[in-house]
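# Survey of secondary and tertiary structure
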Amino acid sequence: MTKRTLPTLLLVIGFAALAGCASPSVITLNDGREIQTVDKPTYDEESGFYEFEQLDGKRATINKDQVQTVKEL
């Protein structure tokens, strides 16, 4: 093996492990709209908001009062 093979292999294994940890979800709002997320939204009790990553990679928050359901895909 060359000097670059081992670090490259470890990098590939690390990315594969991270990809396996994602739990895509759908947030259904009270008005019927649906928001797809990359990961499972987390709820912040202090602020009353769900926090999540959108499909385009941007972080977003939404008020708990606007959320009807949160389901994993």
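Our subject is the structure that appears above.
Note that the structure is a prediction, hence the values are computed from the model and not measured.

It is worth spelling out the overall build of the protein at this point. Secondary structure summary: the protein contains one helix and six strands in total. When the helices and strands of the protein are listed from N to C terminus, the series reads α-β-β-β-β-β-β. Here the protein holds 73 residues, and 18% of them are scored as buried. Summing over all exposed atoms, the protein offers an accessible surface of approximately 5700 Å²; the carbon and sulfur share of this is 55%.

This part takes up the sheet that holds strand E6 (residues 67-72). With antiparallel pairing, the three strands of this open sheet are ordered in space as E2-E1-E6. Among the strands making up the open sheet, the edge pair consists of strand E2 (34-37) and E6. The mean angle between the axes of side-by-side strands here comes to 20°, regardless of whether they run parallel or antiparallel. One ladder, built from four bridges, connects strand E1 (residues 25-29) with E2; its direction is antiparallel. Along E2, the bridge assignment pairs Ser25 with Thr37.

Attention now moves to the packing of aromatic side chains. Summed over all chains, the structure comprises one aromatic pair. Both rings, one in Tyr43 and one in Tyr50, keep their centres 5.1 Å apart while their planes meet at 50°; by these two values the pair is tilted.

Let's shift gears to the environment of Pro41. Within the secondary structure, Pro41 is located in the loop between E2 and strand E3 (42-44). Spatially, the C-alpha atom of Pro41 lies 8.5 Å from that of Ile27, the residues being 14 residues apart in sequence.

Reading the values: the criteria
Numbering of residues starts from 1 in every chain and runs along the sequence as written. For a predicted model such as this one, the threshold for reporting local features is a pLDDT of at least 70, and the threshold for listing and counting side-chain atom pairs is 80 or more; totals across whole chains, interfaces and linings nevertheless cover every residue. Note that the side-chain values use all heavy atoms of the structure and ignore hydrogens as well as water. Strands here mean DSSP runs of E at least two residues long; helices mean DSSP runs of H or I at least four residues long; both are numbered from the N terminus. Buried residues are those whose accessible area, probed at 1.4 Å on protein chains only, stays under 20% of the maximum for their type, while exposed residues exceed 50% and partly exposed ones sit between those limits. Per-residue and other accessible areas were derived by the Shrake-Rupley procedure at a 1.4 Å probe size, with only the shown protein chains allowed to occlude residues. Being paired, for any two strands, means DSSP has found at least two bridges between them. Axis definition: a line fitted to C-alpha atoms, limited for helices to the stretch in contact. Angles are taken between N-to-C directions and run from 0 to 180 degrees. Here a pair means two rings of Phe, Tyr or Trp (six-membered ring of Trp) with centres within 6.5 Å. Their orientation is stacked below 30 degrees between planes, edge-to-face above 60, and tilted elsewhere.

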